Amino acid sequence: MGNRIGKRAVLTGANQPIEIWERESPPAGPGEAVLKLEFGGVCGTDVHFWHGEVPLPGPVVLGHEGIGIIEELGEGLTTDSAGTPITIGDRVYWQPVTPCYSCYSCTILNDVSMCENAFASLFGDANAPTPATYSEIITLGAGLPFYKLPDDTSSEAVIAFGCAMPTMLQGMERLGGIQAGQTVVVQGSGPVGLAATMLAHLAGAHQVIMIGAPERRLEMARQLGADHTIDITQVTSVAERTERVRELTNGRGAEVVIEAAGVLEAFSEGLQLVAPAGRYLIVGLWSAQGTVAVEPRLINNGNLQIIGTALAAPRHLYQAIQVAQKHQNQLPMAEAITHRFTIEQSQQALEAVAAQETVKAVLVPA
Ligand SMILES: [Zn+2]
Ligand SMILES: [Zn+2]
């Protein structure tokens with residue numbers, strides 16, 4: 001096999017126009033896989049990178065949610081990271097993050113989601129073979145976790161929740177589950193909030209209340225299991241929204257509140273929505289730098305727990321495939337994809353996500 005040439009979308013610096021570079025990728029080395037992109041997910045975090053809210057080390061190929069088709073397998077690579085046999089033409093799902101399995105987080109904390117070296121592969125040389133997903137040709141380096149999609153599992157149902165579902169699966173794990181009879185409030189109706197809604201519904205929550213906007217996303221939330229939606233463009237004050245949640249919960253608030261809004265103010269609002277002895281899971285503030293005023297007394301006097309969760313571990317990607325396989329026909333997961341762009345249109349894709357025109361945008365090769 002010779003070199004492959006493909007286009008990739010490169011962010012050269014904060015707020016710069018997205019550039020399309022054409023680069024060669026060599027044949028798969030030992031333990032490597034070369035893929036052709038099927039779908040790349042466009043994530044709100046990519047917009048944060050673009051806007052410079054998260055500093056980058058230099059030009060990077062964007063994209064951390066992908067499904068690709070295996071074109072070539074390097075010597076010794078015969079299974080995915082779960083031991084499932086793989087062959088040319090199989091669809092696989094990955095994130096361009098390779099845990100090192102040798103740092104303090106990986107070996108002492110036993111938490112590969114916080115691997116201190118994992119971002120090296122995500123922010124690698126933009127000229128080199130890349131595992132990033134705004135790219136026609138993808139090279140999965142040796143040791144990068146990836147998982148085969150079973151033949152009956154829709155690529156769209158998985159990529160619609162590209163990094164959102166693994167992120168929420170880790171979040172649910174860290175939360176410690178949801179019991180029947182509990183009310184769950186989800187703040188934020190982007191893909192992470194929609195994944196939270198779906199998982200809370202599937203976990204048997206008594207009711208799921210989604211707080212978000214616009215209506216198109218709230219409608220999606222209802223289809224994925226939200227019992228009530230509160231449109232922040234209609235119910236515009238924190239006091240009114242708090243009152244609405246209290247009306248729905250016999251005045252107590254929600255046993256579980258999940259922050260997936262990505263804005264700082266959501267934190268102080270969410271704290272007021274948690275019922276006594278309840279739990280508050282913070283998922284969406286990863287790139288939201290800054291401070292916000294809160295009343296710590298609420299945590300103290302309410303016996304509240306506040307739980308953070310960042311990113312995901314490889315097992316959560318595997319579980320995300322399983323969630324899609326089991327629920328893709330009952331819940332309209334794939335319909336969350338509202339926008340498709342080519343790699344050349346990456347900047348338009350980012351603009352659409354930034355403007356919240358999308359439920360989910362994906363990139364497909366031209
Ligand atoms: Zn993401
Ligand atoms: Zn590590």
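Parameters and conventions
Residues numbered from 1 in each chain as written. Chains lettered and ligands numbered in written order. Predicted model: local features only at pLDDT ≥ 70, side-chain atom pairs only at ≥ 80, totals over all residues. Heavy atoms only, no water. Domains from an automatic or database assignment. Buried area = accessible area lost by both parts, 1.4 Å probe. Salt bridge = Lys/Arg side-chain N within 4 Å of Asp/Glu carboxyl O. Polar contact = N/O pair within 3.5 Å; in protein donor to acceptor, adjacent residues only side chain to side chain. Helix = DSSP H or I, 4+ residues; strand = E, 2+ residues; numbered from the N terminus. Nonpolar A, V, L, I, M, F, W, Y, C, P; charged D, E, K, R; others polar. Buried < 20%, exposed > 50% of the residue type's maximum accessible area, 1.4 Å probe, protein only. Contact = heavy atoms within 4.5 Å. Pairing = 2+ DSSP bridges. Axes fitted to C-alpha atoms, helices over the stretch in contact; angles between N-to-C directions. Expected span 1.5 Å × (residues − 1). Core = buried A, V, L, I, M, F, W, Y, C linked by side-chain atoms within 4.5 Å. Right-handed = clockwise from strand over helix to strand, strands pointing away.

1. Some remarks on the domain arrangement of the chain
And then number 1: Looking at the assigned domains, one finds that the chain contains domain 1 (4–162 + 313–363) and domain 2 (165–308).
And then number 2: Each of domain 1 and domain 2 has a C-alpha centre, and the two are 28 Å apart.
And then number 3: Taken over both partners, the interface formed by domain 1 and domain 2 buries close to 2200 Å², and the fraction arising from carbon and sulfur atoms is 64%.
And then number 4: For domain 1, the biggest contributors to the area lost against domain 2 are Phe161, His316 and Val359; these three give 29% of the whole.
And then number 5: Linking domain 1 with domain 2 are one salt bridge, by the criterion used here.
And then number 6: A salt bridge links Arg315 to Glu173; the shortest N-O distance between them is 2.5 Å.
And then number 7: The tally of links from domain 1 across to domain 2 stands at seven residue pairs in polar contact (both at pLDDT 80 or more).
And then number 8: Secondary structure elements with two or more residues in the side of domain 1 that touches domain 2: helix 1 (44–50), helix 11 (314–327) and strand 15 (337–341).
And then number 9: Residues belonging to the side of domain 1 that touches domain 2 are distributed by class as follows: 15 nonpolar, twelve polar and six charged.

2. Some points on the environment of Val112
And then number 1: Summarising the element assignment, Val112 is placed in the loop between helix 2 (104–107) and helix 3 (119–122).
And then number 2: The class of Val112 is buried, set by a relative accessible area of 15%.
And then number 3: For the pair Val112 and Arg315, spaced 203 residues apart in the sequence, the C-alpha separation amounts to 10.0 Å.
And then number 4: Val112 has contacts with Pro99, Tyr101, Cys106, Ala313 and Pro314, leaving out every residue within four places of it along the chain.

3. Notes on the sheet that holds strand 14 (residues 305–308)
And then number 1: With parallel pairing, the six strands of this open sheet are ordered in space as 11-10-9-12-13-14. Every other strand in the sheet has two partners, leaving strand 11 (228–231) and strand 14 as the edge strands with one partner each. Neighbour-to-neighbour, the strand axes of this sheet turn through a mean angle of 15°, independent of strand direction.
And then number 2: As judged from the five bridges shared by strand 12 (residues 254–259) and strand 13 (residues 274–282), these two strands associate in the parallel manner. From the neighbouring strand, Ala254 faces strand 13, where its bridge partner is Val274.
And then number 3: Contacts between helix 7 (residues 215–223) and the sheet are confined to strand 10 (207–212) and strand 11, with strand 11 contributing the most and set at about 170° to the helix.

4. Some thoughts on helix 11
And then number 1: Along its 14 residues, helix 11 runs 20 Å from first to last C-alpha, staying within 8% of the 20 Å computed at 1.5 Å per residue.
And then number 2: Listed in full, the buried residues belonging to helix 11 are Pro314, His316, Leu317, Ala320, Ile321, Val323, Ala324 and His327.
And then number 3: Where helix 11 is buried, its residues meet strand 6 (91–94), strand 8 (146–148), helix 4 (155–159), helix 5 (164–175) and helix 6 (191–202).

5. Concerning the nonpolar core
And then number 1: Grouped together as the largest cluster of nonpolar side chains are 50 residues, with contacts concentrated most on Phe161, Met165, Met168, Ile258 and Met333.
And then number 2: Those elements that place two or more of their residues in this core are helix 4, helix 5, strand 9 (183–187), helix 6, strand 10, helix 7, strand 12 and helix 11.
And then number 3: Built from parts of two domains, this core gets at least three residues from each of domain 1 (4–162 + 313–363) and domain 2 (165–308).
And then number 4: Aside from chain neighbours lying at most four places away, what touches Met333 is Ala157, Ala160, Phe161, Met165, Met198, Leu224, Val323, Ala324, His327 and Gln328.
And then number 5: By size, the runner-up hydrophobic cluster in this structure holds 31 residues, among which are Ala33, Leu37, Val60 and Leu363.

6. Brief notes about the pairing of strand 10
And then number 1: Across the six residues that make up strand 10, a large majority, six, are buried.
And then number 2: Pairing of strand 9 with strand 10 involves five bridges; the strand directions are parallel. Looking across to strand 10, one finds that Val184 is bridged to Val208.
And then number 3: As for the winding sense of the linkage, the β-α-β connection from strand 9 through helix 6 to strand 10 is right-handed.
And then number 4: In the sheet, strand 10 pairs with strand 11 via four bridges, with the strands oriented parallel. Paired with Met210 across the bridge in strand 11 is Thr229.
And then number 5: Taken together, strand 10, helix 7 and strand 11 constitute a β-α-β crossover, and its handedness is right-handed.

7. Side note on the pattern of salt bridges
And then number 1: In this structure the tally under the stated criterion is twelve salt bridges.
And then number 2: One salt bridge connects Glu72 with Arg4, and the closest N-O pair in it is separated by 2.8 Å. Highlighted residues: Glu72 in strand 5 (residues 66–73) and Arg4 in strand 1 (residues 4–11), separated in sequence by 68 residues.
And then number 3: A relative accessible area of 13% means that Arg4 is categorised as buried.
And then number 4: In this structure, Glu156 engages Arg340 in a salt bridge whose closest nitrogen and oxygen atoms are separated by 3.8 Å. With a gap of 184 residues between them, Glu156 in helix 4 and Arg340 in strand 15 connect regions that are remote in the sequence.
And then number 5: Looking at Glu156, the relative accessible area reads 25%, which means it is partly exposed.
And then number 6: By relative accessible area, which is 48% here, Arg340 ends up partly exposed.
And then number 7: When salt bridges that share partners are traced, they join Arg4, Glu71 and Glu72 into one network.

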